[in-house]
Amino acid sequence: MTDIPTAPAGDRDQLTRFLIEAAGVRGVRVHLQETWQQIRSRAEYPQAAAELLGEAAAAAALFTGHAKVDGRLSVQLRGHGALRTLFAECTAAGTLRGIAQVGEDAGEVSRDLRQLGPDAVLAITIENPSIDGRDPMRYQGLVALESDSLSGAFEDYFRQSEQLPTRLLLAADERQVAGLMLQKLPGDHGDDDGWSRAGALFDTLTTRELLECSANDLLTRLFHEDGVQVLGARPLRFACSCSRERVASMLVSLGVAEAEAAVEAAGGAAHIRCEFCGQSYRFDAEEIASLFTVATSEMAAPERLQ
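Position labels on residues start from 1 in each chain and follow its written sequence. Totals for whole chains, interfaces and linings use every residue, but because this is a predicted model, local features are given only for residues with pLDDT of at least 70 and side-chain atom pairs only at 80 or more, for both listing and counting. With hydrogens and water stripped out, all remaining heavy atoms of the structure feed into the side-chain values.

Cavity means a closed set of points on a 1 Å grid over the protein atoms alone, one where a 1.4 Å probe fits but cannot get out, pocket means an open set with protein on both sides within 12 Å along at least 5 of 7 lines, and lining means a residue has an atom within 4 Å of a point. Grid points are joined across faces, edges and corners, and a volume is the space filled by probe spheres set on the points. In this structure, the largest pocket occupies an estimated 720 Å³ of space. Phe87, Glu89, Arg97, Arg246 and Phe276 are the residues nearest the centre of the largest pocket, which is lined by 26 residues in total. Counting only elements with at least two residues in the lining of the largest pocket, the list comes to strand S3 (72-78), strand S4 (83-91), strand S5 (95-102), strand S6 (121-128), strand S7 (137-143), helix H7 (244-254) and strand S12 (269-273). As a volume, the second largest pocket reaches approximately 270 Å³. Every residue lining the second largest pocket is counted, 14 residues in all, and those nearest its centre are Phe63, Ala67, Ile126, Phe158 and Glu162. Contributions of two or more residues to the lining of the second largest pocket are made by S6, helix H3 (150-160) and strand S9 (177-184). Partitioned by chemical class, the residues of the lining of the second largest pocket number ten nonpolar, two polar and two charged. Think of it this way: any DSSP run of H or I at least four residues long counts as a helix, any run of E at least two long counts as a strand, and we number them from the N terminus. Under the convention adopted here, Pro, Cys and the residues Ala, Val, Leu, Ile, Met, Phe, Trp and Tyr are nonpolar, Asp, Glu, Lys and Arg are charged, and Gly plus all remaining residues are polar.

Before going further, it helps to spend a moment on the sheet that holds S3. At least two bridges found by DSSP between two strands are what make those strands a pair. Spatially, six strands are ordered S7-S6-S3-S4-S5-S11 in an open sheet, and the strand pairing comes out mixed. Taken across any chain shown, the strands that pair with only one partner, and hence form the sheet edges, are S7 and strand S11 (237-238). Pairing geometry for S4 and S5, over seven bridges, is antiparallel. What sits directly across from Leu86, in S5, is Ala100. Sheet strands touched by helix H2 (residues 47-63): S3, S4, S5 and S6. Its angle to S4, the strand with the most contacts, is close to 30°. The contact criterion used is simple: two residues touch if any of their non-hydrogen atoms lie within 4.5 Å. For helices, the axis comes from a line fit to the C-alpha atoms of the stretch in contact; other axes are also lines fit to C-alpha atoms, and the angle between any two N-to-C directions lies between 0 and 180 degrees.

Time to look at the packing of aromatic side chains. Each pair of aromatic rings taken from Phe, Tyr and Trp, with Trp reduced to its six-membered ring, is defined by centres within 6.5 Å and is described as stacked if the planes are under 30 degrees apart, edge-to-face if over 60, and tilted in the remaining cases. Within the structure shown, the criterion is met by four aromatic pairs. Ring centres 5.0 Å apart and planes at 80° place the aromatic pair Phe63 and Phe154 in the edge-to-face group. On the criterion of sequence distance, the pair formed by Phe63 in helix H2 and Phe154 in helix H3 is long-range, its members being 91 residues apart. Side by side, Phe63 and Phe154 carry an identical accessibility label, which is buried. With centroids separated by 5.2 Å and ring planes inclined at 70°, the aromatic side chains of Phe63 and Phe158 adopt a geometry described as edge-to-face. Here Phe63, found in helix H2, pairs with Phe158, found in helix H3; they are 95 residues apart in sequence, far enough to count as distant. Throughout, exposure labels follow a simple rule: accessible area from a 1.4 Å probe, protein chains only, divided by the maximum for the residue type, with under 20% read as buried, over 50% as exposed, and the rest as partly exposed. The class of Phe63 is buried, set by a relative accessible area of 5%. An aromatic cluster is defined as three or more aromatic residues linked by ring pairs; in this entry it consists of Phe63, Phe154, Tyr157 and Phe158. We call a charge positioned above a ring when the Lys NZ or Arg CZ atom is no farther than 6 Å from the ring centre and deviates by at most 35 degrees from the ring normal. The cationic tip of Arg244 hangs over the ring face of Phe283; the distance from NZ or CZ to the ring centre is 4.0 Å.

When charged atoms on two side chains of opposite charge get close, those side chains can pair. We define a salt bridge as a contact between a side-chain nitrogen of Lys or Arg and a carboxyl oxygen of Asp or Glu at a distance within 4 Å. Counted under the stated rule, the structure contains 17 salt bridges. For the salt bridge of Glu287 with Arg244, the shortest nitrogen-to-oxygen distance reads 3.2 Å. Here Arg244 lies in helix H7 and Glu287 lies in helix H9 (residues 285-300), a separation of 43 residues in the sequence. Residue class for Glu287 comes out partly exposed when judged on its relative accessible area of 30%. Residues joined by salt bridges that share partners form a network here, namely Glu51, Glu55 and Arg111.

This is the structure we're talking about:
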């Protein structure tokens with residue numbers, strides 16, 4: 001088997017923010033290797049589905065580079081063809097997880113988003129903790145599926161919905177994924193043709209260079225004449241946000257009848273497996289009953305100042 005070239009060891013699984021001040025452009029570069037291999041190892045995917053999942057993971061991480069994310073940012077695609085679900089999430093702590101679901105006997109997965117069907121939906125969702133610590137604050141933007149690629153769809157979204165000129169390149173192979181995003185700074189920053197100049201240089205970048213070059217080499221090759229400045233970097237890693245408490249809340253949301261039926265069908269104990277990380281959670285009949293006793297008690301508690 002031929003070795004696939006990868007980015008330098010110290011440059012992997014990292015988000016790098018940078019500024020091209022003379023051109024009035026800001027940017028983010030993301031590279032994932034161990035993180036991507038952890039995500040991909042959770043299931044077997046057709047090549048096209050795996051590449052799209054890798055690109056979605058890179059995009060989710062990229063978007064946390066400039067958006068105000070105190071909780072988590074996710075990219076989610078839902079369709080009714082061969083590719084049913086694509087989900088990638090990056091948290092403020094730099095942890096990522098992702099999953100794809102492919103329909104059985106639904107044909108070959110296409111990388112062309114326009115082939116997903118008229119009911120397909122692509123969304124960017126930000127969930128930040130609320131001030132009172134209760135339900136999180138959610139912001140969701142819907143992305144039109146008029147482009148053949150995730151890169152193109154996200155570029156259209158930022159330009160049309162956010163009025164923010166954006167260039168985006170995503171790449172994935174079996175070992176690593178990467179992404180580069182440029183955005184024009186709001187206002188009149190930079191010289192008159194700075195954005196056009198940055199875009200022309202961006203267009204010379206290949207997906208192979210994006211995957212294999214270090215952040216420093218990549219930014220220097222593209223933007224050294226405009227004095228590119230690295231603003232900072234942070235590590236990225238795989239982690240799952242599942243927990244026994246979250247699974248318990250999911251069971252309560254199903255209702256007592258369905259939760260008890262799941263226990264009975266499983267022979268006395270329900271086993272819930274997280275599709276993102278493979279962790280299994282076991283709940284027997286007594287534990288299920290206790291969940292609903294607590295939930296009923298909390299609902300019945302009077303509202304009063306303590």
